[in-house]
Amino acid sequence: MLKTRMKRLAVRGDRAMQRLAEVEAAITNLSNEDLLDLADIFKAEPRSPIGHFAFVEMERRDISL
């Protein structure tokens, strides 16, 4: 039973990491205008993970709100 639970938790963690990578890739693929819109929505402090990804990508592209 412990092995089954550990395996299930490992699979859940792998899926979560895959989803996170997909979200980050989706943010990276946004146009500048859409990225700025997303950053504007998630600009509140403390930043959410989506807001953090958006602002990191804005910094990489050298754009700002």
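All of the points below concern the structure found in this document.

Here is what the cut-offs are and how they apply
Residues numbered from 1 in each chain as written. Predicted model: local features only at pLDDT ≥ 70, side-chain atom pairs only at ≥ 80, totals over all residues. Heavy atoms only, no water. Axes fitted to C-alpha atoms, helices over the stretch in contact; angles between N-to-C directions. Helix = DSSP H or I, 4+ residues; strand = E, 2+ residues; numbered from the N terminus. Parallel < 35°, antiparallel > 145°, perpendicular 65-115°, else oblique. Left-handed = near helix turned anticlockwise from the far one by under 90°. Contact = heavy atoms within 4.5 Å. Nonpolar A, V, L, I, M, F, W, Y, C, P; charged D, E, K, R; others polar. Phe/Tyr/Trp six-rings, centres within 6.5 Å; stacked < 30°, edge-to-face > 60°. Lys NZ or Arg CZ within 6 Å of the ring centre and 35° of its normal. Salt bridge = Lys/Arg side-chain N within 4 Å of Asp/Glu carboxyl O. Buried < 20%, exposed > 50% of the residue type's maximum accessible area, 1.4 Å probe, protein only.

**Some remarks on the packing of helix α2 (residues 32–41) against helix α3 (residues 49–61)**
Helix-helix packing: each pair is described by the crossing angle between the helix axes and the interaxial distance.
Piece 1. Look at α2 against α3: their axes get within 9 Å of each other, and the N-to-C directions meet at 140 degrees. Taken together, the axes of α2 and α3 are oblique relative to one another. Of the two elements, α2 crosses α3, and the hand of that crossing is left-handed. Of the residues in α3, those in contact with Asn-32, Leu-35, Leu-36, Leu-38 and Ala-39 of α2 are Ile-50, Ala-54, Phe-55, Glu-57, Met-58 and Arg-61.
Piece 2. Class assignment for the residues of the contact of α2 with α3 results in eight nonpolar, one polar and two charged.

**What about the packing of aromatic side chains?**
Piece 1. All chains considered together, the criterion is met by zero aromatic pairs.
Piece 2. The ring of Phe-55 has Arg-47 lying over it, and the distance from NZ or CZ to the ring centre is 3.6 Å.

**Side note on the pattern of salt bridges**
Piece 1. In total, this model carries four salt bridges according to the counting rule given.
Piece 2. Between Asp-40 and Lys-43 there is a salt bridge; the shortest N-O distance is 3.0 Å.
Piece 3. Of the residues examined, Lys-43 reaches a relative accessible area of 45% and is grouped as partly exposed.
Piece 4. Linking Arg-47 and Glu-45 is a salt bridge whose minimum nitrogen-to-oxygen distance equals 3.6 Å.
Piece 5. Among the residues examined, Arg-47 registers a relative accessible area of 38% and is labelled partly exposed.
Piece 6. Note on Glu-45: relative accessible area 61%, which makes it exposed.
Piece 7. Put simply, Glu-57, Arg-60 and Arg-61 are held in one network by salt bridges that share partners.

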